[in-house]
Amino acid sequence: MSSDHRLTITGYSTALFSTWYFVDELGCLFDCGDGVSAGLLQKSRKVKHVFISHADRDHLAGLLQFNQLNARPELSIYYPRHSGSFPALAGFMGKFDPQISGAKWIPLDPGDEVPLRSDLVVRAVANRHVPILPGRSKSLSYFVEAISNKLKPEYVGLSGKEIVAIKMEKGKAAIVEPIRRTKLVYSGDTPIETDGRYDDADVLIHEATFLTEEEMNPADPSLNRHSSLDQVMQMVSQSRIKTLVLGHFSTRYDERQILQAVAQIRERYPMEIPIKVILPGKIGRDILADA
């Protein structure tokens, strides 16, 4: 897969019921809500890495069947280190399906990186869906980052022969610096973030549980653990994100309300980028097609 290849994403995301997104080219499953095995069928065998954002049942209830079908030594399940639900779940699953073994359960802290290959990593980032305590986080977002090397400024303009000579003398690390490009971000469940963390993402998959901020908890904004559509689109309009995927809508809204709201809010915050919508109760297949 070249760095510019469009990713093939299959996903389902309905608030309270189930959320999961599978990226073919990466072999990565982000969250593992109910129905993921039925939704992916044999394609689920392509999953090598499962990244769980937090311990709400709608984000992990599919693990029992998924693991029963796919457990093998090359399968790894990653989760927030300080969420005790995951060791408990792994223990239960080991007793419930004692004949199934092989999958590795690996805890992650914010800042930890999982290499997918030499030039691609998944980085864990804390979010505020579950209150964060100092040094502890129970809810994570995941950033897929491509890594390449760029010649350091002081060596730009030198001939190839001169660069080779310096490399032989000082080593490759002395003449190049790593450059990171955010290919994809999976936000998980989270309040809106305005610190610029998503700004240069090729693809942002973000929740939009509510259509408007007013429908959340105006009495105490600190209790809001989700995002609203208008908040997300305002944030994205002020960024350099190239494609936005919206999901996790509440079933209080029907398809017409959601699509109408997206169109109306887009007029308020003009954006030229593609916006893809995962409607409640529907699986999105090849979500980025035509993006």
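Peer 1: Please give an account of the packing of helix α6 (residues 229-237) against helix α7 (residues 255-268) that cites residues and values.
Peer 2: Angle between the axes and distance between the axes are the two parameters that describe a pair of packed helices. Direction vectors running N to C along α6 and α7 enclose 40 degrees, while the axes themselves pass 10 Å from each other. By the angle between their directions, the pair α6 and α7 is classed as oblique. Both α6 and α7 take part in a crossing whose hand is right-handed. Together, Leu229, Asp230 and Met233 of α6 and Ala261, Val262, Ile265, Arg266 and Arg268 of α7 make up the contact between the two elements. Taken together, the residues of the contact of α6 with α7 break down into 5 nonpolar, no polar and 3 charged.

Peer 1: Let's hear about the pattern of salt bridges: which residues, and what values?
Peer 2: Side-chain pairs of opposite charge can arise whenever the charged atoms involved come near each other. Evaluated as defined, the whole model comprises 16 salt bridges. Here aspartate 109 and arginine 81 are joined by a salt bridge, their closest N and O atoms 2.8 Å apart. Here the residue aspartate 109 occupies a position in the loop between β6 (104-108) and β7 (113-117), and arginine 81 occupies one in the loop between β5 (76-80) and α4 (85-96), the gap between them amounting to 28 residues. As a salt-bridge pair, arginine 181 and aspartate 202 come within 2.6 Å of each other at their nearest N and O atoms. Note that arginine 181 is positioned in strand β10 (residues 176-186) and aspartate 202 in the loop between β10 and β11 (203-207), a separation of 21 residues in sequence.

Peer 1: Describe the sheet that holds β5, with residues and values.
Peer 2: Reading across from one edge, β1-β2-β3-β4-β5-β6 is the order of the 6 strands in this open sheet, with mixed pairing throughout. Pairing within the sheet leaves two strands with one partner each, and these edge strands are β1 (9-14) and β6. Each neighbouring strand pair of the sheet contributes to a mean axis angle of 20 degrees, computed without reference to strand direction. One ladder, built from 3 bridges, connects strand β2 (residues 18-23) with strand β3 (residues 28-30); its direction is antiparallel. Across the sheet, valine 23 pairs through a bridge with cysteine 28, a residue of β3. Sitting on the sheet, α4 touches β5 and β6, and the angle it makes with β6 is about 175 degrees.

Peer 1: How would you sum up the packing of aromatic side chains? Please name residues and give values.
Peer 2: This model, assessed by the stated rule, comprises 10 aromatic pairs. Seen from their ring centres, phenylalanine 30 and tyrosine 142 are 6.3 Å apart, and the 40 degrees between their planes marks the pair as tilted. Here tyrosine 142 lies in strand β9 (residues 140-151) and phenylalanine 30 lies in strand β3, a separation of 112 residues in the sequence. Taken individually, phenylalanine 30 and tyrosine 142 each receive the classification buried, so the pair is uniform in this respect. Taken together, the ring pairs connect Tyr21, Phe30, Phe51, Tyr78, Tyr142 and Tyr186 into an aromatic cluster. Stacked on the ring of phenylalanine 143, the Lys or Arg arginine 123 has its end atom at 5.0 Å from the ring centre.

Peer 1: How would you sum up the nonpolar core? Please name residues and give values.
Peer 2: Counting residues in each nonpolar core, the largest one holds 30 residues, and the members touching the most others are Leu204, Leu229, Met233, Val236, Leu244 and Leu246. Among the elements that line this core, the one with the most residues is α6, at 5 residues. If near-sequence neighbours (up to four positions away) are discounted, methionine 233 is found in contact with Leu244, Val262, Ile265, Arg266, Tyr269, Met271 and Ile275. Judged by nonpolar contacts, the second largest core, of 27 residues, contains Leu7, Ile9, Leu116 and Val245.

Peer 1: Tell me about the side chain of serine 141, and name the residues and values.
Peer 2: Its location among the elements puts serine 141 in strand β9. For serine 141, a relative accessible area of 0% gives the class buried. Here serine 187 takes part through its backbone oxygen, which lies 2.7 Å from a polar atom of the side chain of serine 141. When residues no more than four places from it in sequence are discounted, the contact partners of serine 141 are Arg123, Ala124, Val125, Asn127, Tyr186 and Ser187.

Peer 1: Which residues make up unusual backbone geometry, and what values go with them?
Peer 2: Notably, leucine 16 is not glycine yet its phi reads approximately 80 degrees, a positive angle. Relative to the helices and strands, leucine 16 resides in the loop between β1 and β2. Judged by relative accessible area, which is 73%, leucine 16 ranks as exposed. One non-glycine residue, histidine 248, lies in the positive phi region at around 65 degrees. If you trace the backbone, histidine 248 turns up in the loop between β12 (243-247) and α7. Using a relative accessible area of 3% as the deciding quantity, one classes histidine 248 as buried.

Definitions and cut-offs
- Residues numbered from 1 in each chain as written.
- Predicted model: local features only at pLDDT ≥ 70, side-chain atom pairs only at ≥ 80, totals over all residues.
- Heavy atoms only, no water.
- Axes fitted to C-alpha atoms, helices over the stretch in contact; angles between N-to-C directions.
- Helix = DSSP H or I, 4+ residues; strand = E, 2+ residues; numbered from the N terminus.
- Parallel < 35°, antiparallel > 145°, perpendicular 65-115°, else oblique.
- Left-handed = near helix turned anticlockwise from the far one by under 90°.
- Contact = heavy atoms within 4.5 Å.
- Nonpolar A, V, L, I, M, F, W, Y, C, P; charged D, E, K, R; others polar.
- Salt bridge = Lys/Arg side-chain N within 4 Å of Asp/Glu carboxyl O.
- Pairing = 2+ DSSP bridges.
- Phe/Tyr/Trp six-rings, centres within 6.5 Å; stacked < 30°, edge-to-face > 60°.
- Buried < 20%, exposed > 50% of the residue type's maximum accessible area, 1.4 Å probe, protein only.
- Lys NZ or Arg CZ within 6 Å of the ring centre and 35° of its normal.
- Core = buried A, V, L, I, M, F, W, Y, C linked by side-chain atoms within 4.5 Å.
- Polar contact = N/O pair within 3.5 Å; in protein donor to acceptor, adjacent residues only side chain to side chain.

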